[in-house]
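Coordinate analysis (summary)
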Amino acid sequence: MARCHTDCLEKPLCKVFGKLGALVGRYPWWFLVIPLIISTALGAGFYFFEQNEANDIEEQFTPIHGQAKSEREFIMKHFPTHDSLPFSAPRLYTEGTFASFIAVAKGGNVLTEAAFKEILRLDGEVKGFVVDKNNYSSLCAKAGDSCFSNVMLDCIQYDAGQVESFKFTYPVQNSTECNGFIGLSVGGVKLEGNYIKTASAVRLDYYLRDDDAAENVVYERWLKKFVEDLQNKSTNLQYIQVSYYTSVSRQTEFEGSTKEIVPLFSITYFLSIFFSIVSCTRLDPIRNKFWVAALGVISAGLAVLTGFGLLLFCGVSFAINTANAPFLILGIGVDDMFIMLSSWQKTKVHAKIEDRMAATYAEAAASITITTLTDVIAFYIGVMTPFRSVQSFCLYTGTTVLFCFIYNITFFGAVLALNGRRENSNRHWLTFRKIQMHHQPGESKFYGMCCVGGEYDEMSGAETEHPIYLFFKKYYGPFLTNIWTKVFVVLLYAGYLAGGIYGCFQIQEGFDLRNLATDNSYVIKFYDHEDMFFSQYGPRVMVSVSESVDYWNTSVQTEIERCMGKFENSIYVDQSLSESWLRTYIDISKLMSIDITASDSFIANLPKLFKIVPLFQQDIELSQDNKSITASRFFIQTKNVNDSIAEKNMMTELRDLAESCTIPLQVYHSAFIYFDQYLVIQINTIQNVAVAA
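Rules behind the numbers
Residues numbered from 1 in each chain as written. Predicted model: local features only at pLDDT ≥ 70, side-chain atom pairs only at ≥ 80, totals over all residues. Heavy atoms only, no water. Disulfide = S-S within 2.5 Å. Helix = DSSP H or I, 4+ residues; strand = E, 2+ residues; numbered from the N terminus. Buried < 20%, exposed > 50% of the residue type's maximum accessible area, 1.4 Å probe, protein only. Domains from an automatic or database assignment. Salt bridge = Lys/Arg side-chain N within 4 Å of Asp/Glu carboxyl O. Pairing = 2+ DSSP bridges. Contact = heavy atoms within 4.5 Å. Axes fitted to C-alpha atoms, helices over the stretch in contact; angles between N-to-C directions. Polar contact = N/O pair within 3.5 Å; in protein donor to acceptor, adjacent residues only side chain to side chain.

What about the state of the cysteines?
Under the definition given, this model contains three disulfides. Paired by a disulfide, Cys155 and Cys178 hold their sulfur atoms 1.8 Å apart. Taking the torsion about the sulfur-sulfur bond, which here is approximately 100°, the covalent link between Cys155 and Cys178 counts as right-handed. Note that Cys155 is positioned in helix α8 (residues 151-155) and Cys178 in the loop between β5 (172-174) and β6 (179-181), a separation of 23 residues in sequence. A relative accessible area of 0% means that Cys155 is categorised as buried.

In structure tokens form, the structure reads like this:
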């Protein structure tokens, strides 16, 4: 009967590695020096680190071909923003250039004279910042001839004494003093009818012009000064606590997190060396593996230097999250080091170095090769993901794991061989001087510990087992084979498996912006205040008609109105806060008895609409001959978007509703750039796991 061979791959692999081990044992200096030369040469690739560093959050952490990016291109093309038009934050196709602070009442109600005195003082100081002879009034986004203003302050005419008597209506303020949507300006409200009884927080925004590239440096300096001054001035407030944020805070705090990673890596590297040395330390001055342990960890470091340097030479983008890869490489490298060291210690101490190395490589080959291949394949599969940051991490990590394997079988193997030569010549691990193997009469115990060594197990011919090995062999192994221990382990694993399955069902997709900053960053407090007080209303979404349609045709008007009705009936949309230039235009035409049922009259009377509501001019794009409308947009106000699940469901529902209309529609908000990840994370994860399996 033919036997089934299961070593068809392992046997030739062990044979090849055995020959490699013998070669390393015969010429250790070559295998030690050549990797060092390669690391030095490729490590020079770090010269291009700044050139290849890619830290842009949108570019690295959003889907490469996300739908929202194409939608943004459409908005940029058809509805560009510039200073000649009145400023309107909802009409921006990006977040804009801005600074914000949230004032939260310490006493529970922010709508008090004392609290608003401090708010107005901060407002005045912000507007008084001077950077390169420019203050807020010279840099601000303008609505007409004046800077964009905050509705809450307009309502009380910048007089704190009026705030307690003023009747604020929520979420829309309509009064002779001021009007506008205040749902995102005041938070934590308690109502009496439509009037605000108390509120916990007020948010003030300061928008700057962002279409003048020449002034970008000035804008950045002003925003930096905003953060610095708010940080100093917010500590001595009696009635409010303040959190603050700017349009560049997320990016700057994200980039600053690298300064936190480098010290951690240094500490981790030191601890790895310390652990390895302690694990390999013996009282025998000959069998002590101090240098083997230290250089084994350094081997992993050389692999990082070589792998990263090679890819930097090749111009591969380096995302900031890739800075975490060395921690992983270090763990893999140290693990392989211990496997090889364990195999070495099983060989006969008096055998030739070439034979010991051949036996070591033959035994360790299968395990370290298979683990390396699975790791490398898994990481290279990750390059298929649509996120550039993950692509960067997987490419750098996979390549470096491969170098870690190569350096283990070359550089570290050479270290083992040279250490074996030292042990064979009975030289001290520290002084490298020859010492005696046996105690002489009259020698002290201390002298014997320091200057006598070279013991081994005479029965097996191998090194004496390390105390840790003896513990697992004599105590832990038999303990595990006990019947009651087996039952306990099975039950423990079943509980672990059940907990893991339960955890899989509790995983929430999402991209918590807090995770992009360090734990002590000022933006964390701002995000917390946003979630706590301003989560009732979400993004104000653009609904764009992406093709030219006959707006004067009553059937087209009816279809547009039907589609808007679909949006407004969504649980994520407040139907009372929609904004439609077409609705307003139809109402005005009826009041003014204007006929807009023909194309010529419809287009010709648009200036009357723009005169009444100037902002609507930014929502209509006319053809070059001014005879048709090539694109237009409306606005809907979302609500109840207070977690990642709601963000995903809101965006997908609005897109589905837009697709269901016969009028070509698309929905867009700058936040959709980030929400798009929810649509690909789950599918991409399953795809990668399936391919890897």
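Past the structure itself, the notes keep going.
Focus: the domain arrangement of the protein
Under the domain assignment, the protein is made up of domain 1 (6-58 + 255-456), domain 2 (465-507) and domain 3 (537-639 + 641-692). Put simply, the middle of domain 2 and the middle of domain 3, counted by C-alpha atoms, are 58 Å apart.

So, the pattern of salt bridges
Enumeration over the complete set of coordinates arrives at 25 salt bridges. Between Arg356 and Glu463 there is a salt bridge, with the nearest N and O atoms lying 3.7 Å from each other. Of this pair, Arg356 sits in helix α14 (residues 353-381) while Glu463 sits in the loop between α16 (445-451) and α17 (467-481), placing them 107 residues apart in sequence. Of the residues examined, Glu463 reaches a relative accessible area of 4% and is grouped as buried. Here the salt bridges do not stand alone but share partners, grouping Arg287, Lys289, Arg356, Arg422, Glu423 and Glu463 into one network.

Overview of the sheet that holds strand β11 (residues 240-246)
For sheets, the rule is that strands pair by backbone hydrogen bonds, running either parallel or antiparallel. Read from one edge of the open sheet, four strands run β7-β10-β2-β11, paired in antiparallel fashion. Looking at strand neighbours, the two that pair on one side only are β7 (186-187) and β11, the edges of this open sheet. Two strands pair when backbone bridges link them, and strand β2 (residues 97-105) and strand β10 (residues 201-208) are joined in this way by eight bridges, in the antiparallel orientation. Along β10, the bridge assignment pairs Ser100 with Asp205. Packed onto the sheet, helix α6 (residues 113-127) meets β2, β10 and β11 and runs at close to 10° relative to β10.

Things to note about the side chain of Ser100
Residue position: Ser100 is located in strand β2. Given a relative accessible area of 0%, Ser100 falls into the buried group. At 3.4 Å, the side chain of Ser100 and the side chain of Arg203 are in polar contact.

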